[in-house]
Amino acid sequence: MKVKDQLIGLTPYQPGKPIEEVQRELGLEKIVKLASNENPFGCSEKAKEAIKESLDELALYPDGYARNIREKLANFLGVKENQLIFGNGSDELIDILCTALLSPSKNTVMAHPSFSQYSHNAIIQGAELRMVDNINGEHDLEGMLNAIDDQTAIVWVCSPNNPTGTYINEEKLINFIKRVPEHVLIVIDEAYKEYVVAEDYPDTISLLNEYPNLLVLRTFSKAYGLAALRVGYGIGHPNLIQALDPARGPFNTSRIAQAAVCAAVDDQEFIQKCVKANREGLEQFYQFCEEYGLSYFPSQANFILIDFKRSGQEVFDYLLHKGFIVRSGTALGYPTAVRITVGSYEQNAELIETLKEMLSVN
């Protein structure tokens, strides 16, 4: 048997090292994982209670239409129920979009570096990749517009961008959307939207009625702290959602996940506490960078990319042996940097002290 040519040599997604694996490899008792942009404060207690209450229903398939979270989110976001599509994380929605719209005769435009799954899934569909290098960590929107042609099917916009944490303000985004041809789907990936505090961050949902070729992706894996349950969602024009839905697998969000999401949406106080703590944590890292003359990108997400002017893998390995798991910038397009998830105040302080020790001896 032979797999598709596109799969030959294509490596699977490489997540941050699991805590258990590092403990086995290095024999360390205490491990602090700040690699995968998970919420260090967990999830809402209301979500935990909802999970417990749903445990007696494990033998039952979930509602394939996801009516409970559909109604909850439609009301929360101020959209219609038929404007929503749900996925097993927003990763599945990216896969669905590529399956539905890409083929060897099509191309797709994206910033580089950005989230790797855009290109990964596009390659599997045989589409041509048109990757436009970032400028100072930000999307080169003009360059992306210039890369679009009659065969372009999707243009990906990640804001805040992963791995830089930079964002696109309202004026720039609207100007970009207006100039994208109507035959091109514009995907705005807002996985970290809840963490954003910038006043000029665009209200993308308000643009959906005017631009039917716009789709907004969000997730419950980041600020909501439900990464283990894998729920992402897309918001778009009803006609677009209807066209995409046949590519979605049956029962792709679990019964437990649906119960947890409904409860989590109702606990916005938890989200606000996490956002506040995240801002305070970023300030810890900013102060450290300023003190040691390290360059970084101001972040609107729950992570920071710091340039150490040395191999990011070297910094990663040093921290790993000290019990901290971060992400080397080598695989993220920034080989002399590391991406660090903002943890609790205490976790940040311990990591920063370890980095200071590293810098003092090298």
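Conventions we followed
Residues numbered from 1 in each chain as written. Predicted model: local features only at pLDDT ≥ 70, side-chain atom pairs only at ≥ 80, totals over all residues. Heavy atoms only, no water. UniProt positions renumbered as here; feature names shortened; annotations may be inferred. Helix = DSSP H or I, 4+ residues; strand = E, 2+ residues; numbered from the N terminus. Buried < 20%, exposed > 50% of the residue type's maximum accessible area, 1.4 Å probe, protein only. Pairing = 2+ DSSP bridges. Core = buried A, V, L, I, M, F, W, Y, C linked by side-chain atoms within 4.5 Å. Contact = heavy atoms within 4.5 Å. Salt bridge = Lys/Arg side-chain N within 4 Å of Asp/Glu carboxyl O. Axes fitted to C-alpha atoms, helices over the stretch in contact; angles between N-to-C directions. Phe/Tyr/Trp six-rings, centres within 6.5 Å; stacked < 30°, edge-to-face > 60°. Lys NZ or Arg CZ within 6 Å of the ring centre and 35° of its normal.

S.K.: How should the UniProt feature "domain: Aminotransferase class I/classII large" (unreviewed entry) in the protein chain be read in this particular structure?
M.R.: Mapped onto the present numbering, the UniProt feature "domain: Aminotransferase class I/classII large" (unreviewed entry) falls on residues 30-355. Strand forms 17% of residues 30-355 and helix 38%; the C-alpha atoms that close the span are 17 Å apart.

S.K.: Teacher, can you tell me more about unusual backbone geometry here?
M.R.: With the exception of glycine, the majority of residues adopt a negative phi angle, and the majority of peptide bonds are in the trans configuration. Each neighbour pair has its own omega, and for His112 with Pro113 the value is 0°, a cis peptide bond. Within the element layout of this structure, Pro113 appears in the loop between β3 (107-112) and α5 (116-124). Here the residue pair Ser159 and Pro160 is connected by a cis peptide bond, since its omega of 0° sits within 30 degrees of zero. Phi angles above zero are rare outside glycine, and Asn37 is one such case at about 60°. With respect to the element layout, Asn37 can be found in the loop between β1 (32-33) and α2 (45-53). A positive phi angle, near 55°, is found at Lys309, a position not held by glycine. For Lys309, the position within the fold is in the loop between β10 (303-307) and α11 (312-321). Given a relative accessible area of 63%, Lys309 falls into the exposed group.

S.K.: I keep staring at the pairing of strand β7 (residues 214-219) and nothing clicks. Help me out?
M.R.: For a regular strand, side-chain orientation follows a simple rule: the groups alternate between the two sheet faces. In terms of burial, β7 is a largely internal element, six of the six residues being buried. The alternating pattern of β7 places Leu214, Val216 and Arg218 on one face and Leu215, Leu217 and Thr219 on the opposite face, and all of these are buried. Bridge count between strand β6 (residues 185-189) and β7: four bridges; the pairing is parallel. The residue of β7 that forms the bridge with Ile186 is Leu214.

S.K.: Would you mind showing me how to read the nonpolar core here?
M.R.: For soluble globular proteins, nonpolar side chains are generally found buried alongside one another. Grouped together as the largest cluster of nonpolar side chains are 56 residues, with contacts concentrated most on Leu84, Met144, Phe176, Phe220 and Ile235. The element contributing the most residues to this core is helix α9 (residues 255-265), with six residues. Setting aside anything within four residues of it in sequence, one finds Leu84 in contact with Arg70, Leu73, Ala74, Leu77, Val79, Tyr233, Gly234, Ile235 and Ile241. By size, the runner-up hydrophobic cluster in this structure holds 29 residues, among which are Val22, Phe316, Ile340 and Met358.

S.K.: What should I look at first to understand the pattern of salt bridges in this one?
M.R.: Opposite charge on two side chains permits them to pair, given that their charged atoms come into close proximity. This model, assessed by the stated rule, comprises 21 salt bridges. The salt bridge involving Arg67 is made with Glu81; its shortest N-O contact spans 3.9 Å. Taken together, the residues span a long stretch of sequence, with Arg67 in helix α3 (residues 67-77) and Glu81 in the loop between α3 and β2 (84-87) at a distance of 14 residues. The shortest N-O distance in the salt bridge between Lys309 and Asp307 comes to 3.1 Å. Three or more residues are tied together by salt bridges with common partners; here these are Arg67, Glu71 and Glu81.

S.K.: Help me out: how do you make sense of the sheet that holds strand β13 (residues 337-341) in this one?
M.R.: Note: strands within a sheet are paired through backbone hydrogen bonds, in either parallel or antiparallel orientation. As summarised here, the arrangement of the four strands in space is β9-β10-β13-β12, forming an open sheet in which the pairing is antiparallel. Every other strand in the sheet has two partners, leaving β9 (295-296) and β12 (327-328) as the edge strands with one partner each. As paired elements, β10 and β13 share five bridges and run antiparallel to each other. Its bridge partner being in β13, Leu305 is matched across the sheet by Arg339. Docked against the sheet, helix α10 (residues 268-292) engages β9, β10 and β13, running at close to 10° with respect to β10.

S.K.: I tried to follow the packing of aromatic side chains on my own but got confused; where do I start?
M.R.: Here a ring pair, both rings aromatic, is described through the centre-centre distance and the interplanar angle of the planes. Counted by the stated rule, this structure contains eleven aromatic pairs. An angle of 40° between the planes, with centres 6.2 Å apart, marks the rings of Tyr167 and Tyr201 as tilted. Taken as a pair, Tyr167 in the loop between β5 (152-158) and α7 (170-179) and Tyr201 in the loop between β6 and β7 lie far apart in primary sequence, 34 residues in all. With a centroid separation of 5.5 Å and an interplanar angle of 40°, the aromatic rings of Phe220 and Tyr233 are classed as tilted. Taken together, the positions of Phe220 in the loop between β7 and β8 (232-236) and Tyr233 in strand β8 put the pair 13 residues apart, joining distant regions of the chain. Comparing Phe220 with Tyr233 shows no difference in burial state: the two are buried. Taken together, the ring pairs connect Phe86, Phe220, Tyr224 and Tyr233 into an aromatic cluster. The lysine or arginine in question, Arg70, covers the ring of Tyr65, its NZ or CZ lying 4.0 Å from the ring centre. Sitting above the plane of the Phe303 ring, Arg339 keeps its charged end 5.6 Å from the centroid.

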